[in-house]
Amino acid sequence: MQLISASRIGVPGKALFGVCHLDRPARHSTAVLLCNPLGVDGVGAHRTLVVLAEALSQAGRSTLRFDYRYTGDSDGRCEEARLEHWLDDICDADAHLRAISGCADTAWVGLGAGANLALAAAMRTGSPPVSLLLWEPIETAADFAAEFRAPSQPVRQRKSAKAEHPVLFQSAEPVRQIHGFPLPVHVLDGLETLTLERQSPPPGLRSLVLSSRSTLSGHSRWTRREIEFWRTTADEFSISRTVSRKLIATVMDQLRDLP
Amino acid sequence: VSVNESCVVFGPERNLVGTLAMPERRTDLPAFVFFNPGFTGRIGPTRLYVRLARALAGIGFPSLRFDLSGLGDSRRPVNPGDVEPHLADIRRGIDEVLRLSGSSRCILVGLCSATDQCLKVAGIDDRVIGSVLLDAFAYRTPRALRVHFWNRVRKTLLSGNLFATAWRMLHRRLRPEAEPAAAANDIWLELRPKPPAPVFSSWLAGALRNDAGVLMVYTSYSVGYHNYRDQIYDAHPEIPRQADLRVCRLPHADHVFSRVEWQQDLLDIIVDWLNRARAK
């Protein structure tokens, strides 16, 4: 039987919105944590992750999907984001998933920039996942520039023309907005250090990159064994808007042999 | 600004998921209800609804933003019994926010296709005292066509690309299928067929009954359709001019308010509208 529970994880002010898809009684001892992409990709990929979570729970695997702080339905304003808080959020969500599902182990699936965050969080957590699936991560500085730097624009600070009106945006730090999502410049700089070419596969951890690009193929830190290239059309690997059942099936395949 | 947010799960099968935003202190102000614009989740495009809901809670207005069944985090019901399930979902959302907030009245917010649902529910539910419609359908009048034509001519002359623009317009007339923008628009029209003007008039009249208010905001998305003040009264002569209807244009903003400044402009318009309603 599948149980679905939506809740806020953590204390008010720092709470994460999360939806747990639980399998009762548990058929597997490894649960799956899904890490969202950021910004407009996060909005577009939401339905894809819902469908993936439902498919995983139907296959007997408890799953948690959640919004990082400052994003989605979680607490915080985008312009106050901190990279280290996002990494903490992944670890907190993982602890919540282990507690609520009763599973001893977890596997993390990160999509888009969520894959880069998951990789960085796995490197620093005390209780790492047994498996890490990086789905269309940001691979190189050029990818990062195309996705984050190029569309970013400055935010015009409001000159309180209507003092009695609430103000949507306030920040003392330099901020750039990407398709309506304002992010501090230091967060963008920090994210750029998390591209795959600047990180190594975590030692002792099964990690796999699912990529439709070939930019990593010659990179020394990631071997061929760790990279699976999608053989899909551009429409199918789009992480936003449409849900590709074929891609969902491929991701499920990669998780099938986990206990 | 302190806002208390909590997750709510409701509906006959507990399949609807939403977030309740409550002001620090309870007030008797109406509650806002946000739901999916098209296929986008309840946070709205560019997280617009989260920002608006929190800002409104900061000035005393509670709100519920939730996913309609089959969208976002809400599941389709196992036993669907409603003829128009999404309209029934919205009324359940109203029940829930009024029960939890202690308010007795509410204001619906809709963007794009959600504006149709707002108008339909506002026309049948007396608890709805206001609707905020972002890029609702607009109907061209002869004057709107003239304004649109002269705006295009002026823009072309200012840009200095007279021949290129004339060629594009001619090409569009002769081979409409070759225009990707037009093709994309056709897809949207197919997904969301435009009702005849009298039907829209009846929806709008329904939403304005019992002295309820309607705020309509048009962005650059509608600039070819809506381009002058009072166009709504010319297009829908059945709507009395003394009705509580306010129409605003944000011709610099795009359809999904993809800049923080445009989101702030929208919030200013909503707060002005609320203040005027309170002053009445």
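Before reading further, recall that the structure is shown in the block above.
Described below are features of the structure shown in this document. The residue count restarts for each chain, going from 1 along the sequence in the order it is written. Think of it this way: whatever chain is written first is A, whatever ligand is written first is 1, and the rest follow in order. Per-residue local features of the predicted model are confined to residues with pLDDT of at least 70, and side-chain atom pairs are confined, for both listing and counting, to 80 or more; whole-chain, interface and lining totals are unaffected and use all residues. The basis for the side-chain values is all heavy atoms of the structure; hydrogens and waters are excluded.

1. A few points about the overall build of chain B
Item 1. A run of DSSP states H or I qualifies as a helix once it reaches four residues; a run of E qualifies as a strand once it reaches two. Both are numbered from the N-terminal end. A count of helical and extended segments in chain B gives nine helices and eight strands.
Item 2. Taken over the C-alpha trace, chain B has a radius of gyration of 20 Å; the compact-globule value for 280 residues is 19 Å, and the two agree within 12%.
Item 3. Each principal axis of the C-alpha distribution contributes one length, and for chain B these read about 60 × 45 × 35 Å.
Item 4. Remark: exposure states derive from per-residue accessible area (1.4 Å probe, protein chains only) relative to the maximum for the residue type, with buried under 20%, exposed over 50%, and partly exposed in between. Of all 280 residues assigned to chain B, the portion counted as buried reaches 53%.
Item 5. Looking at chain B alone, contacts between residues at least 24 apart form 71% of all its contacts between residues at least 6 apart.
Item 6. Total accessible area on chain B stands at roughly 13,200 Å², and carbon and sulfur atoms take up 56% of it.
Item 7. The positive count covers Lys and Arg only, the negative count covers Asp and Glu only, and His and the chain ends enter neither. Think of each charge as sitting on NZ of Lys, CZ of Arg, CG of Asp or CD of Glu. One finds the centroid of the 37 positive side-chain charges in chain B at a distance of 5 Å from the centroid of its 29 negative side-chain charges. Computation of the radius of gyration draws on C-alpha atoms, with the globule rule given as 2.2 Å multiplied by the number of residues to the power 0.38. Contacts are residue-level and defined by heavy atoms, with any inter-residue pair within 4.5 Å sufficient. Throughout, the Shrake-Rupley method with a 1.4 Å probe supplies accessible areas, and for residues the shown protein chains are the sole cover considered.

2. Let's talk about the state of the cysteines
Item 1. Criterion for a disulfide: a pair of cysteine sulfur atoms at a distance within 2.5 Å. Under the counting rule described, the total for this entry stands at zero disulfides over all chains.
Item 2. Cysteine C20 of chain A shares no disulfide, and the gap to the nearest cysteine sulfur, in C103 of chain A, comes to 9.4 Å.
Item 3. Left without a disulfide partner, C7 of chain B is nearest to the cysteine sulfur of C20 of chain A, which lies 12 Å away.

3. Description of the packing of aromatic side chains
All names here are of chain B.
Item 1. Working definition: rings of Phe, Tyr and Trp (its six-membered ring) pair if their centres are within 6.5 Å, and the pair is stacked with planes under 30 degrees apart, edge-to-face with planes over 60 apart, and tilted otherwise. According to the stated counting rule, one finds eleven aromatic pairs over all chains in the structure shown.
Item 2. Ring plane angle 55° and centroid distance 6.3 Å describe the contact between F200 and W203, whose orientation is recorded as tilted. One end of the pair, F200, and the other, W203, are both in helix α7 (residues 197-207), three residues apart, so they sit about a helical turn from each other.
Item 3. Since its relative accessible area comes to 0%, F200 is described here as buried.
Item 4. By relative accessible area, which is 17% here, W203 ends up buried.
Item 5. One aromatic cluster is present, built from ring pairs that chain together F32, F34, Y49 and F61.
Item 6. Lysine NZ or arginine CZ positioned within 6 Å of the ring centre and within 35 degrees of the ring normal marks a charge as sitting over the ring. Between R140 and the ring centre of Y225, over which it is positioned, the NZ or CZ distance is 4.7 Å.
Item 7. One cation-aromatic arrangement involves R143 over Y228; the distance from NZ or CZ to the ring centre is 4.0 Å.

4. Focus: the sheet that holds strand β3 (residues 31-35) of chain B
Sheets are built from strands paired through backbone hydrogen bonds, the pairs being either parallel or antiparallel.
Residue and element names in this part refer to chain B.
Item 1. In this scheme, strands are said to pair when DSSP sees at least two bridges between them. Pairing within the open sheet is mixed, and its eight strands lie in the order β1-β2-β4-β3-β5-β6-β7-β8. A strand with exactly one partner marks an edge of an open sheet, and here the two such strands are β1 (3-10) and β8 (245-250). Strand-to-strand twist across the sheet, computed as the mean angle between neighbouring axes with direction ignored, equals 20°.
Item 2. As paired elements, β3 and strand β5 (residues 106-111) share four bridges and run parallel to each other. Looking at the pairing, F34 lines up with V109 of β5. Orientation is described by lines fitted to C-alpha atoms, with helices fitted over the stretch in contact, and by angles between N-to-C directions that extend from 0 to 180 degrees.

5. Regarding the nonpolar core
Nonpolar side chains tend to gather and get buried jointly when the protein is soluble and globular.
Item 1. We call a set of buried residues a nonpolar core when its members are Ala, Val, Leu, Ile, Met, Phe, Trp, Tyr or Cys and they connect through side-chain atoms within 4.5 Å of each other. With 45 residues, the main nonpolar core has L33, W86, I90, L117 and L191 of chain A as its most contacted residues.
Item 2. Elements supplying a minimum of two residues to this core: β2 (16-23), β3 (30-35), β4 (63-66), α3 (83-101), α4 (113-124), β6 (131-135), α5 (141-149) and α6 (185-192) of chain A.
Item 3. For this core, the leading source of residues is α4 of chain A, giving eight residues.
Item 4. Those residues in contact with W86 of chain A that sit more than four places away from it in its chain are L38, Y68, R69, Y70, T71, A81, L117, L183, V187 and L191 of chain A.
Item 5. In this structure, L98, V121, V128 and L245 of chain B belong to the second largest nonpolar core, which totals 44 residues.

6. Looking at the environment of V132 of chain B
Residues and elements named next belong to chain B.
Item 1. Assignment of secondary structure puts V132 in strand β6 (residues 128-134).
Item 2. For V132, a relative accessible area of 0% gives the class buried.
Item 3. Separated by 124 residues in sequence, V132 and V256 have C-alpha atoms that sit 15 Å apart.
Item 4. Apart from residues lying up to four places away in sequence, V132 is in contact with F32, I107, L108, V109, G110, L215, I270 and W273.

7. Description of the sheet that holds strand β9 (residues 181-184) of chain A
Residue and element names in this part refer to chain A.
Item 1. Taken in spatial order, the three strands of this open sheet run β7-β8-β9, and their pairing is antiparallel. What marks the edges here is a single partner per strand, and that holds for β7 (152-154) and β9. Looking at each pair of strands side by side, their axes are set apart by 40° on average, direction ignored.
Item 2. Two elements, β7 and strand β8 (residues 175-178), share three bridges in a ladder whose sense is antiparallel. By the bridge assignment, P154 is partnered in β8 with R176.
Item 3. Contacting β8 and β9, α6 runs over the sheet at an angle of about 80° to β9.

8. Comments concerning unusual backbone geometry
Item 1. For Y70 of chain A, which is not glycine, the phi dihedral falls at a positive 70°.
Item 2. Here Y70 of chain A shows up in the loop between β4 and α3.
Item 3. Located in the positive-phi region is C112 of chain B, a residue other than glycine, with phi close to 60°.
Item 4. Tracing the backbone shows C112 of chain B in the loop between β5 and α3 (114-122).
Item 5. The exposure class assigned to C112 of chain B is buried, which follows from its relative accessible area of 13%.

9. With respect to the interface of chain A and chain B
Item 1. In this assembly, 38 residues from chain A lie in contact with 35 residues from chain B.
Item 2. The term buried area denotes the loss of accessible surface (1.4 Å probe radius) that occurs when two parts are joined, taken as the sum for both partners. Buried area between chain A and chain B, both sides added, is near 2,900 Å², and the carbon and sulfur share of it is 51%.
Item 3. A pair is scored as a salt bridge if a Lys or Arg side-chain nitrogen falls within 4 Å of a carboxyl oxygen belonging to Asp or Glu. For the interface between chain A and chain B, the tally reads five salt bridges.
Item 4. The term polar contact refers here to a pair of N or O atoms within 3.5 Å; inside protein, the definition further demands a hydrogen-donor-capable atom paired with an acceptor-capable atom, and it admits residues adjacent in sequence only when both atoms are side-chain atoms. At the boundary of chain A and chain B, one finds 26 residue pairs in polar contact (both at pLDDT 80 or more).
Item 5. Among the elements of the structure, β1 (2-9), β2, α2 (46-58), β7 and β9 of chain A are those that each provide at least two residues to the side of chain A that touches chain B.

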